[in-house]
Amino acid sequence: MSFPAQIYNGATTTGGQCPCKTPPTPIDCAASLSRNVTVNGLKPVLMGDSMSPEIGVTCTTNPSPCSSPRTVIATGAIVKINGKLVARANDVLNAGTQIRLTMATTSPTVFFS
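These notes cover the structure that comes with them. Just so we're clear, the structure is a prediction, and the values are computed from it rather than from any experiment.

Looking now at the packing of aromatic side chains. Counted by the stated rule, this structure contains zero aromatic pairs. Taking NZ or CZ as reference, Arg88 lies 4.6 Å from the ring centre of Phe3, over its face.

Shown next, in the form of structure tokens:
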């Protein structure tokens, strides 16, 4: 079964759930800028990529500001780019708040199997 490549195209994540409720936030990764591989002219999302945290509020009676770190946990079990697994839609960025990649961050024409 094939899956579309995840790319840094400015699209957003799912947002996070309690304990830190966050809105959908654009994906980003400074490390991706130095990659020598592109997909549709954009950098691919790979295992271990760290993104800026999502900012939200706690799920308490008196909500306070919080942030959720985002690091790619890729499940593209076979395909690697520069030695790292390729991410796909619904891959987790934060297991504690269930932030995930979405179909909006996928390539329209490049698929891996």
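Moving on, we come to the nonpolar core. Among the nonpolar cores identified, the biggest contains eleven residues, and these are Tyr8, Ile27, Cys29, Val45, Met51, Val72, Ala74, Ala87, Leu93, Ile99 and Leu101. With residues near it in sequence (within four places) discarded, Ile99 still touches Thr13, Thr14, Gly15, Gly16, Thr22, Glu54, Ser68, Arg70, Asp91, Val92, Leu93 and Asn94. In this structure, Ala5, Ile7, Ile81 and Phe112 belong to the second largest nonpolar core, which totals nine residues.

One pass over the full model with this rule turns up three salt bridges. For Arg70, the salt bridge goes to Glu54, with nearest N and O atoms at 3.5 Å. One end of the pair, Arg70, is in strand 4 (residues 65-71); the other, Glu54, is in strand 3 (residues 50-58), with 16 residues separating them in the sequence. Comparing Arg70 with Glu54, the two get one shared label, buried. Several salt bridges converge on common partners, so that one network encompasses Asp28, Glu54 and Arg70.

So, on to the sheet that holds strand 3. The sheet built from three strands is open, its strands ordered 2-3-4 with antiparallel pairing. Where the open sheet ends on each side, the last strands, each with one partner, are strand 2 (20-21) and strand 4. Bridge count between strand 3 and strand 4: six bridges; the pairing is antiparallel. Directly across from Ile55, in strand 4, lies its bridge partner Ser67.

The class for Glu54 is buried, based on a relative accessible area of 0%. As for Glu54 and Gly16, which are separated by 38 residues in sequence, their C-alpha atoms are 7.9 Å apart. Side-chain polar atoms of Glu54 contact the side chain of Thr22, separated by 2.6 Å.

Conventions used here
Residues numbered from 1 in each chain as written. Predicted model: local features only at pLDDT ≥ 70, side-chain atom pairs only at ≥ 80, totals over all residues. Heavy atoms only, no water. Phe/Tyr/Trp six-rings, centres within 6.5 Å; stacked < 30°, edge-to-face > 60°. Lys NZ or Arg CZ within 6 Å of the ring centre and 35° of its normal. Core = buried A, V, L, I, M, F, W, Y, C linked by side-chain atoms within 4.5 Å. Buried < 20%, exposed > 50% of the residue type's maximum accessible area, 1.4 Å probe, protein only. Contact = heavy atoms within 4.5 Å. Salt bridge = Lys/Arg side-chain N within 4 Å of Asp/Glu carboxyl O. Helix = DSSP H or I, 4+ residues; strand = E, 2+ residues; numbered from the N terminus. Pairing = 2+ DSSP bridges. Polar contact = N/O pair within 3.5 Å; in protein donor to acceptor, adjacent residues only side chain to side chain.

Don't take any of this as a statement about function, it's just geometry.
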